[in-house]
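Chain and residue survey
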Amino acid sequence: MRSKKSWKAVPARTKQGASPWAPFRHRAFLWLWLGVVAASIGSWGQTVGAQWLFVTDPNASAIVPLVQTANQLPVMLLALPAGVLADAFDRRWLLFGIQTYFVVVASSLAILTALGMMPPALLLAFTFAVGCGAAMLQPVWQSLIAEIVPRDKLAAATRLDMVSVNVSRAAGPALAGLVIAHLGVPPVFVINAAAGCTLAIVLLAWRRPRVARGERERFLPALRAGTRYVRHEPVIRRILLRFAIFVSPACAVWALLPLIANRQLGVGPDGYGLLFASMGVGALIAAFNLGKVKQYLSSNAVLVLAAVAYALTFGALAFATSIWLAVPLLVVYGFGWTATVATTNSELQLFLPGWVRARGIAIYVMVFLGTQALSAAIWGLVTQYFGLQFSVLAAAALVACSAFTGRLLAVQEAQHMDRSPLSYWRTPEVAVEPDPAAGPVLISVEYEVADDEETAFLLALQELRRSRLRSGASRWDLYRVGESPKVFLEQFEVPTWREHQRQHEGRLTAQDKAIEDAAFAHVIGTPRTQHLLPPSTPRLAMSIGSDPDLLALPEATI
């Protein structure tokens, strides 16, 4: 039923936030966006320069796709730690530090290339170093978007972020192609270093208002909490799985385009830049018109149409013999790619609650770029053994197959969902003074359930289990009391008392309250809650432990 409902055309939405330019009314977003565009132009130019440096090498079929792999593989190692840092530290200074690192690496790459000291292995190492910075950059920047624009403009801001990606994707390779054709590869790396300085200057000039932050989470507990949330949230898992199924074949174009340009179409670096620019034009068309399309089509319908458009045009590209036949095909391809990425990104950002947004985005970036890194190497090997045309047709066929996953992996519309924190649990009135680091802490909730409500209650408890685990519990169990068959005992373990306090203070949402209310609707009376602490926990100074009612906390004081 869920998948059928999600395929229906959505009713026309209100005009609020419909303008694709609305987020630019927020000056911080405008200037940061411009800085990101400049930095990304340099980054895309660097990728083209790195690929073209060895495009005529006898082993180019393996080396050229490995440039993409080396650029994106660090995401598997660093994106999630970056998300943890972005949720804990000032994102402005994190971005500044990352840009400083970019400038240093790009400058070193330019100098060594100009001196003729850049063999393939060292190039891949430098590309890996650049990828490390990109892995840190994406979760920080994308989580910052939700901080500087209101929720009703978040989808438009996400599309404008895709515009920045695709403006740079169009301008960067085109600029790099012209520079390579007339000056060679090293100046491209110099431009990358100069462009990286732009965003750093914008960050220094930004007069950012003070952002109130709670107590900073420790790194490893925050890392575990982020992965636990994604693991126990089926909506996020469904989005990521569907996205990975699309990206793994669709990313073949990025790995194979240099070979298509050089071997199939017979063009030089300026022609290669034009092909890249064509995809950028299609991406811009998607970014500026997707908001209007979403007024009439659901996210799932957009994802299916985008996959079909991509598959048809990429398949046709296998038979193109002229650059002028390839250019319009790549415009449509750019539209399909950007429509998919922007729709997936915006639904993810809208659904993720604020306390775990950067970590959720980091896992999305890991899936996105990590899938591309692994798939690029695979497509390079397929091309080497089976030929370029076979690889292009195989990738197009797999993207067409991915369009049919929409029925099984429907994306939930999150635009009108309330994902703000909702602190509906009262502060625990325990008779002892737990150390914040003490643990594990076991929360026990006792329910009395009538016989005719038992089936519905047990079903509701499965949703409640996911809610507990998402918000911080590391283990969850449900028992029936042998001496009283109508009584059930829910127990969930939290690593520390401070982690349980975080559940009270900002990790729960209206969705969690609705799940809890649905479970409590089948219960007789008020559930009885107890907090089971380590035996070494000291009593409070006043003697209140003799009152047994203090351990019997009322509903919603978990």
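All of the points below concern the structure found in this document.

What about empty space enclosed by the protein?
Using the criterion set out here, one finds 6 cavities of 30 Å³ or more in the structure. Space inside the largest cavity adds up to approximately 830 Å³. Around the largest cavity, the lining comprises 39 residues; the ones closest to its centre are Ser43, Trp44, Ala134, Gln138 and Val165. Looking at which element gives the most residues to the lining of the largest cavity, the answer is helix 2 (residues 27–53), with 7 residues. When grouped by side-chain class, the residues that make up the lining of the largest cavity number 21 nonpolar, 16 polar and 2 charged. Forming the walls of the second largest cavity are 13 residues, and the residues nearest its centre are Arg242, Phe246, Leu303, Thr340 and Ser402. Mapped by element, the contributors of at least two residues to the lining of the second largest cavity are helix 10 (234–250), helix 13 (299–317) and helix 14 (323–351). At 4 residues, helix 10 tops the list of elements feeding residues into the lining of the second largest cavity.

Examining helix 8 (residues 186–205)
Here helix 8 contains 20 residues, and its C-alpha end-to-end distance of 30 Å stays within 8% of the 28 Å for a straight helix at 1.5 Å per residue. Along helix 8, the residues that are buried comprise Val188, Phe189, Asn192, Ala193, Ala195, Gly196, Leu199, Ala200, Val202 and Leu203.

Thoughts on the packing of aromatic side chains
For the structure on display, the rule yields 20 aromatic pairs. Ring centres 5.9 Å apart and planes at 70 degrees place the aromatic pair Phe246 and Tyr310 in the edge-to-face group. One end of the pair, Phe246, is in helix 10; the other, Tyr310, is in helix 13, with 64 residues separating them in the sequence. Judged by relative accessible area, which is 4%, Phe246 ranks as buried. Owing to a relative accessible area of 0%, Tyr310 belongs among the buried residues under this scheme.

Reading guide: rules and limits
Residues numbered from 1 in each chain as written. Predicted model: local features only at pLDDT ≥ 70, side-chain atom pairs only at ≥ 80, totals over all residues. Heavy atoms only, no water. 1 Å grid on protein atoms, 1.4 Å probe; cavity = no way out; pocket = protein on both sides within 12 Å on 5 of 7 lines; lining within 4 Å. Points joined across faces, edges and corners; volume = space filled by probe spheres on them. Helix = DSSP H or I, 4+ residues; strand = E, 2+ residues; numbered from the N terminus. Nonpolar A, V, L, I, M, F, W, Y, C, P; charged D, E, K, R; others polar. Expected span 1.5 Å × (residues − 1). Buried < 20%, exposed > 50% of the residue type's maximum accessible area, 1.4 Å probe, protein only. Phe/Tyr/Trp six-rings, centres within 6.5 Å; stacked < 30°, edge-to-face > 60°.

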